[in-house]
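# Report on the structure
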Amino acid sequence: QVRLVESGGGLVQSGGSLRLSCTASGRTVKMYEMAWYRQAPGKRRELVASITGGGDTDYGDFVKGRFTISGEVAKNMIYLQMNNLKPEDTGVYYCHADNFEATADYWGQGTQVTVSS
């Protein structure tokens, strides 16, 4: 059983920063890619940022240079540095991982991010 655990969410004022962390525990699984998704109330879940084991990154269009994903996929550990947060960034942020064989994927339980105006 693989378990992804997120931390670092909280309440911050508009323009503030937060750093999210995600680590995997349980059975050791080699991951191909890890990512952050978010879901606001009443909206669909969307990709925030992803990173592969080779270090390639991708971001949602709304990030626009404000967020940075980092970490070591080989160690099943990633981070999301979020700067210049806006109220529309409010939502539950989920960690996601795809195993190397592309036969399974995993979700964390989510961490709440609330940005006040």
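Located above this text is the structure these notes cover.
Residues numbered from 1 in each chain as written. Predicted model: local features only at pLDDT ≥ 70, side-chain atom pairs only at ≥ 80, totals over all residues. Heavy atoms only, no water.

### Structural notes on the environment of Cys95
Mapped onto the elements of the fold, Cys95 is located in strand S9 (residues 91–99). Residue classification places Cys95 among the buried positions, given a relative accessible area of 0%. Taking C-alpha positions, Cys95 is 9.5 Å from Tyr79, a pair spaced 16 residues apart along the chain. Those residues within four positions of Cys95 in sequence are excluded, and the remaining contacts are Leu4, Glu6, Cys22, Met34, Ala35, Trp36, Ile78, Tyr106, Trp107 and Gly108. (Helix = DSSP H or I, 4+ residues; strand = E, 2+ residues; numbered from the N terminus. Buried < 20%, exposed > 50% of the residue type's maximum accessible area, 1.4 Å probe, protein only. Contact = heavy atoms within 4.5 Å.)

### A word on the pairing of S9
Counted residue by residue, S9 has 7 buried out of 9 residues, so it is predominantly covered. By the bridge criterion, 8 bridges tie strand S4 (residues 31–39) to S9 in an arrangement that is antiparallel. Residue pairing in the sheet places Glu33 in a bridge with Asp98 of S9. Relative to strand S11 (residues 111–116), S9 runs antiparallel, the two being bridged by 3 bridges. Bridged to Val92 within S11 is Gln112. Here S9 runs beside strand S10 (residues 105–107); their pairing, made up of 3 bridges, is antiparallel. Paired with Ala97 across the strands is Tyr106, a residue of S10. (Pairing = 2+ DSSP bridges.)

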